[in-house]
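# Structural overview
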Amino acid sequence: MLAFLLKHRSAIIFSTLTVVLFLIMMLVEQANGRFWLNDFRVFYEAAQALVSNEQVYGVTFGLDTGYYKYSPFTLLFFTPFTLLPFSLASIVQFWIIVALTIYLILTLNKLVNKYVFNLKSNNVFLFLIVLIIILNHLIRELHLGNTNIILMFLLTLALQFSLKNKILLASTLLAIVILTKPYFLVLVLPFILYQKWKLINSTGLLIVAFVGASILILGWENGTGLYQDWFVSMSQHSGYLTSSHTISSLLRNYFSIDLQGYFDFLFFALNAGLLFSFFWVLKQKTQITNSDKNQGQLLFYFLLIASVPNFLITDTEHFLFSIPLLLLITSYLIKARNIPLSLLFIILAFFYGGNSSDMLGNEGSDNFDKLGFLGLSNLVFIGFILFFSAKKKFTN
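So, here's what we can say about the structure. (Residues numbered from 1 in each chain as written. Predicted model: local features only at pLDDT ≥ 70, side-chain atom pairs only at ≥ 80, totals over all residues. Heavy atoms only, no water.)

## Quick look at the overall build of the protein chain
Basically, it comes down to this: What counts as a helix is a DSSP run of H or I of at least four residues, what counts as a strand is a run of E of at least two, and both are numbered from the N terminus. C-alpha atoms define the radius of gyration, and 2.2 Å times the number of residues to the power 0.38 defines the globule rule. Any residue under 20% of the maximum accessible area for its type is buried, any over 50% is exposed, and the rest in between are partly exposed; the area is computed with a 1.4 Å probe on protein chains only. We call two residues in contact whenever any of their non-hydrogen atoms come within 4.5 Å of each other. Here the accessible surface of atoms and residues is derived via Shrake-Rupley with a 1.4 Å probe, and residues count as covered only by protein chains that are part of the display. Residues scored as positive are Lys and Arg, those scored as negative are Asp and Glu, and His as well as the terminal groups of each chain are ignored. A charge is said to be at NZ when it belongs to Lys, at CZ for Arg, at CG for Asp and at CD for Glu.
Along its length, the protein chain carries 18 helices and zero strands. Since a compact globule built from 396 residues should have a radius of gyration of about 21 Å, the 21 Å found for the protein chain is in line with a globular shape. Over its C-alpha atoms, taken along the principal directions, the protein chain stretches across nearly 60 × 60 × 50 Å. By the burial criterion, 51% of the 396 residues in the protein chain qualify as buried. Considering only contacts in the protein chain between residues 6 or more positions apart, those separated by 24 or more positions represent 77%. Accessible surface, the protein chain as shown: approximately 18700 Å² in total, 65% of it carbon and sulfur. When the 24 positive and 17 negative side-chain charges of the protein chain are each reduced to one mean point, those points stand 24 Å apart.

## Some details on the packing of helix H12 (residues 247-255) against helix H13 (residues 262-285)
As a reminder, the rule being used: Axis definition: a line fitted to C-alpha atoms, limited for helices to the stretch in contact. Angles are taken between N-to-C directions and run from 0 to 180 degrees. For this scheme, ten residues count as nonpolar: Ala, Val, Leu, Ile, Met, Phe, Trp, Tyr, Cys and Pro. Four count as charged, namely Asp, Glu, Lys and Arg, and the remainder, Gly too, count as polar.
Between H12 and H13, whose axes approach to 9 Å, the crossing angle comes to 115°. Together, Ile-247, Ser-248 and Leu-251 of H12 and Phe-263, Asp-264 and Phe-267 of H13 make up the contact between the two elements. By residue class, the composition of the contact of H12 with H13 is four nonpolar, one polar and one charged.

## Points about the packing of helix H15 (residues 323-336) against helix H16 (residues 339-353)
The test is simple: Put simply, angles under 35 degrees are roughly parallel, angles over 145 are roughly antiparallel, angles from 65 to 115 are roughly perpendicular, and the rest are oblique. For any helix crossing, the convention is left-handed if the near helix is rotated counterclockwise from the far helix by under a right angle, and right-handed if that rotation is clockwise.
Close contact between H15 and H16 brings their axes to 11 Å; oriented N to C, the two are set at 155°. As far as their axial angle goes, H16 and H15 are roughly antiparallel. Remark: the crossing between H15 and H16 carries left-handed chirality. Contact with H15, carried on its side by Leu-326, Ile-329, Thr-330, Tyr-332 and Leu-333, involves Leu-341, Ser-342, Phe-345 and Tyr-352 of H16 and no other residues of that element. In terms of residue class, the contact of H15 with H16 is built from seven nonpolar, two polar and no charged.

## Things to note about the layout of surface pockets
Rules: Here a cavity means grid points, on a 1 Å grid over the protein atoms only, where a 1.4 Å probe fits yet cannot get out; a pocket means an open set of points with protein on both sides within 12 Å along at least five of seven lines; lining residues are those with an atom within 4 Å of a point. Grid points are joined across faces, edges and corners, and a volume is the space filled by probe spheres set on the points.
In this structure, the largest pocket spans a volume of roughly 730 Å³. Lining the largest pocket we find 24 residues, and of these Asn-136, Arg-140, Asn-355, Ser-356 and Ser-357 sit closest to its centre. Secondary-structure elements contributing two or more residues to the lining of the largest pocket are helix H2 (9-31), helix H6 (124-144) and helix H17 (357-370). Grouping the amino acids of the lining of the largest pocket by side-chain chemistry returns eight nonpolar, ten polar and six charged.

## Looking at the side chain of His-143
In this structure, His-143 sits in helix H6. Relative accessible area serves as the criterion here: at 12%, His-143 is assigned to the buried category. The residues touching His-143, leaving out its near neighbours within four places in the chain, are Met-25, Glu-29, Arg-34, Trp-36, Leu-37 and Asn-38.

## A short note on the side chain of Ser-71
Quick note on the threshold: Under this definition, polar contacts are N or O atom pairs within 3.5 Å; protein pairs additionally need one hydrogen-donor-capable and one acceptor-capable atom, and for neighbouring residues in sequence, both atoms have to be side-chain atoms.
Here Ser-71 shows up in the loop between helix H3 (38-51) and helix H4 (72-76). In terms of polar contacts, Ser-71 uses its side chain to reach the side chain of Thr-74, at 2.9 Å. With sequence-adjacent residues up to four places away left out, Ser-71 is seen in contact with Tyr-57, Leu-179, Tyr-227 and Trp-230.

## A look at the pattern of salt bridges
Two side chains with opposite charge may pair up if their charged atoms get near one another. Stated precisely, the cut-off is as follows: By definition, a salt bridge exists where a carboxyl oxygen of Asp or Glu is found within 4 Å of a side-chain nitrogen of Lys or Arg.
Taken as a whole and assessed by the stated rule, the structure comprises three salt bridges. Arg-252 is the salt-bridge partner of Asp-258, the closest N and O atoms lying 3.9 Å from each other.

## Description of helix H14 (residues 290-311)
Put simply, the rule reads: One less than the number of residues in a helix, times 1.5 Å, gives the span that helix is expected to have.
Taking 1.5 Å of rise per residue, 22 residues should cover 32 Å, and H14 covers 32 Å from first to last C-alpha, within 8% of that figure. For H14, a buried count of 18 out of 22 residues is recorded, marking the element as mostly surrounded by other parts of the structure.

## Points about the environment of Leu-185
Along the chain, the position of Leu-185 falls in the loop between helix H8 (167-180) and helix H9 (188-193). What makes Leu-185 partly exposed here is its relative accessible area of 47%. It is 23 Å that separates the C-alpha atoms of Leu-185 and Leu-100, two residues lying 85 residues apart in sequence.

## So, the environment of Asn-148
Mapped onto the secondary structure, Asn-148 falls in helix H7 (residues 148-163). Ignoring any residue separated from it by four or fewer positions in sequence, one finds Asn-148 in contact with Glu-141, Lys-181, Glu-317, His-318 and Phe-321. Within the structure, Asn-148 has its side chain in polar contact with the side chain of Lys-181 (distance 3.5 Å).

## Side note on the packing of aromatic side chains
What counts, and what does not: For Phe, Tyr and Trp, where Trp contributes only its six-membered ring, two rings pair if their centres lie within 6.5 Å, and the inter-plane angle classes them as stacked under 30 degrees, edge-to-face over 60, or tilted in between. Put simply, a charge is over a ring when the Lys NZ or the Arg CZ is close to the ring centre, within 6 Å, and near the line of the ring normal, within 35 degrees.
Tallying each qualifying case throughout the model produces 39 aromatic pairs. Taking 6.3 Å as the distance between ring centres and 65° as the angle between the ring planes, the aromatic pair formed by Phe-276 and Phe-300 counts as edge-to-face. Taken together, the residues Phe-276 in helix H13 and Phe-300 in helix H14 connect sequence positions 24 residues apart. The exposure class of Phe-300 is buried, given its relative accessible area of 0%. An aromatic cluster of three or more residues is present, and its members are Phe-40, Phe-43, Tyr-44, Tyr-57, Tyr-68, Tyr-70, Phe-78, Phe-81 and Phe-86. In this structure, Arg-34 is placed above the aromatic ring of Trp-36, and the distance from its NZ or CZ to the ring centre is 4.9 Å. Above the face of the Phe-86 ring, Arg-41 is positioned so that its terminal group lies 3.9 Å from the ring centre.

Structure representation (structure tokens):
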């Protein structure tokens, strides 16, 4: 037992501190009457509507923007929560997010150490730095009870299973995520580049199977009607959301270039194509080994995920998709001990996670958001990974 504790002491210390921190947060929010989890309320009440055979799409649950916008298949995962009162179900959701955040950071550290840096060590200092950087977004994620950490965790596990050639497990998780947020279909590109054809085929088959199974569970008429409503809901999603952090918003704010909404999707597709070309060129330039393939797949995969909120209109907590990049960069800087680059990273980390009205005041926080500092910092993080990938500096 002592040997186990010593071996995993960094993970244990990090996990304990994280649990204590968010236990305090939960108790404070409950004491202040702010333990709302409004996004989770949408899932919960939409699941209640589904169970009661009431309207799921096109109606609000909770807030005026509380539309359920995910697939009927995804909603089935939330129906067990309806067995509990919302007050208890929200506590369960809160701690699911906390637990998966801990597990996500620890799992990402293992992947980065194994496939990028060829290290075996754990560093509690590294874990805490990453937690501090994402803390503002994570607090919002917990306050809302959203699903971004859950999806990021599933995507990370899918990659881990893929790298271990556990195709069925990887494709099952990918299919679940794609049916929740279809834009993640773009993640087939790293698997195409590195010729993971079995995974691609099985993911496609499982998506069809999951849709078919959910229609059978819901009943043909009800199920097909819900999927039709879902397609309509997805087309309307960006109509009631705004973001200062997309490429289109940054072009408008800094260069007065006003583009139609469909340009967001064009830029998203262009970004995916450019990343594919970048890693294809890297693949052609090197005498590629299995280690190179695994590293390339990992970097390409996480760059695609991290770039999503820079191209599609989403809430700011979607920038939690950049946790893998933050862990990669922080690990590199600790390893390289590059002081000037570390100082630049500290500034960018503040731009990424420092927008708090408690620190900046309401007006300062609003200006911080309008200037798109979060989106700009995320683009620099992406550029950092691309530069050091091209220079092969991660493993040198």
